[in-house]
Amino acid sequence: MLIASLAIYYSSVKLRRQDFNNLLKSRAENVARIVLDSYEYNANLFLRSGSGNPARLQDEKFLIITLDKDILYTTDKNWEFEEINTIIGHVRTGRDVFYKSKPYDVLATLYSTGLYEFVVIGAAIDKDGHLHMKKLRIVLLVVCLVSLISFFFAGWFFSGKALKPISAMVKKVEDISITSLHLRVPESNGADEIGRLAKTFNNMLERLETSFGMQKSFIANASHELRTPLTSINGQIEVLMMNDRSTEEYKTALGSVLEDIKSLIDLSNRLILIARTSSEGPSGYNNKIRIDEIIWQAQEEMKRFNPSYHINISLDDSVTDSEKLMVAGDDYLLKTAVTNLIENACKYSSDHSVFIEVGREDKRVKVIFEDKGIGIPEEDIPKIIEPFYRGANAVPIQGSGIGLSLVNQIVKNHNGSINITSKVNEGTQITLLLPALSSN
Ligand code: ADP
């Protein structure tokens, strides 16, 4: 507004000056013509007789001089010029001189009668023009002030309105803590940025709530699983200490305590591993590993501790070169995954047998673990990879429900996938797919 007002004002000032200068020039030329062309008249009388003539300018005065500065005619005897030399110099070149000598606007121009040349200087006060300018100044000032005040209030009102949803959001967010993750921020219409921000925020809260929930149930389940063997150890030792026992009895009781301690160690190892692999996320493992070698090693170790397990390994016909079974990974983690799958297959089948087939599927190494065991109920299949979840028919068989979720996490970290198909009392087939290092 200020810039627009200034532009309007200054262009009006310029226009006023131009108009007035034009008027002054034509009036000065008129006067010069009357004075110089018609000196047989009484020029003064003639000019004065024109008072009231609309062509007359206010407080006008004129001076006509020769180029040698001799005064030929003047309406004002006391009129003094300091810059007369410069003015004559300019006018001689044919240019008009306009300047301001307050309160007059002054014009100097060259007038030629054909034989002689004269300098005509005219001055007048543009009272009407100055009055108009004064009015324009006041109008523009009022307009600027009124706009400023209205912009201030309008800005205040609209910014308050625009920021209202954010204030509501901030208020709600202040109420959200770990114990109240179920709260959501208000979502206005979802189309604008604030609506999208609220939606994104709510999505984040949703994910946080889920992951906090999972963590809570994980901790609850883990503590429960750890407490069971500890309670058993505690009970056995208490009973043992009640009376004096024979060496044989001590040995049996300590053997049982040892079993519980072993399962405790096993469980804590798996918990540590699951925590490590989940925090690592998909990692860039660089070791080149032959998956069949990992399976052979796992078979050997398993057989040492569980001689009753039958682990049958076969290679797919398509595998002509051991290079085809190379994957990038962590050998300890991959062996842990394979061991868990072998153990499950043997544990949940009466013949304690597993059939492993190693091969390729496109650009991935494929390992199938198949057993003819108790199978997994259909409704349990999607859930068994969750930590501590156990199939309904697996309860009589010892386990903690952590093995498959560990396998799943390890496979995910290796950018692989796991697929489970099973039928109750017929058997289970678990397929492991890992990205192969060689593309064919
Ligand atoms: P755990 O074996 O200690 O219970 P896992 O996480 O290894 O824990 O397995 C989760 C559940 O998946 C098991 O309780 C069982 O119900 C089911 N399961 C896994 N593998 C098999 C299998 N080969 N045959 C039948 N059920 C299986």
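Residues numbered from 1 in each chain as written. Predicted model: local features only at pLDDT ≥ 70, side-chain atom pairs only at ≥ 80, totals over all residues. Heavy atoms only, no water.

Engineer: Provide a residue-level description of the overall build of the chain, including the pertinent values.
Structural biologist: Looking only at helices and strands, one finds 9 helices and 12 strands in the chain. Its C-alpha atoms put the chain at 160 × 60 × 40 Å along the principal axes. Counting every position in the chain, which comprises 440 residues, the buried fraction comes to 37%. Relative to all contacts within the chain whose residues are 6 or more apart in sequence, the contacts with residues 24 or more apart total 64%. (Helix = DSSP H or I, 4+ residues; strand = E, 2+ residues; numbered from the N terminus. Buried < 20%, exposed > 50% of the residue type's maximum accessible area, 1.4 Å probe, protein only. Contact = heavy atoms within 4.5 Å.)

Engineer: Got a sec to walk through the packing of helix 5 (residues 193-242) against helix 6 (residues 247-280)? Specific residues and values, please.
Structural biologist: Relative to each other, helix 5 and helix 6 sit at 165°, their axes nearing to 10 Å. By the angle between their axes, helix 5 is roughly antiparallel relative to helix 6. In the crossing of helix 5 with helix 6, the sense of the turn from one axis to the other is left-handed. Here helix 5 contributes Phe-218, Ala-222, Glu-225, Leu-226, Pro-229, Leu-230, Ser-232, Ile-233, Gln-236, Ile-237 and Leu-240 to the contact with helix 6, which in turn contributes Glu-249, Tyr-250, Ala-253, Ser-256, Val-257, Asp-260, Ile-261, Ser-263, Leu-264, Leu-267, Leu-271 and Ile-274. (Axes fitted to C-alpha atoms, helices over the stretch in contact; angles between N-to-C directions. Parallel < 35°, antiparallel > 145°, perpendicular 65-115°, else oblique. Left-handed = near helix turned anticlockwise from the far one by under 90°.)

Engineer: Lay out the nonpolar core in plain terms, naming residues and giving numbers.
Structural biologist: Ranked by size, the top nonpolar core spans 48 residues in total, and within it Ile-291, Ile-311, Ile-342, Ile-356 and Phe-369 carry the most contacts. Ranked by the residues each element gives to this core, the list is headed by helix 8 (residues 331-347), at 8 residues. Apart from residues no more than four positions distant in its own chain, Ile-291 is found in contact with Leu-325, Val-327, Leu-334, Val-358, Val-365, Val-367 and Leu-434. Core analysis: the next-biggest nonpolar cluster, separate from the first, contains 17 residues, Leu-63, Ile-65, Trp-79 and Ile-125 among them. (Core = buried A, V, L, I, M, F, W, Y, C linked by side-chain atoms within 4.5 Å.)

Engineer: I'd like a rundown of the sheet that holds strand 7 (residues 310-315), residues and numbers included.
Structural biologist: Ordered by their spatial adjacency, 5 strands build an open sheet running 7-9-10-12-11, and the pairing between neighbours is mixed. Two strands bound the open sheet, and with one partner strand each, they are strand 7 and strand 11 (417-423). Across the sheet, the mean angle separating the axes of adjacent strands is 15° when strand polarity is ignored. With 7 bridges joining them, strand 11 and strand 12 (residues 427-435) adopt antiparallel strand pairing. Across the sheet, the residue bridging to Thr-421 is Gln-429, located in strand 12. (Pairing = 2+ DSSP bridges.)

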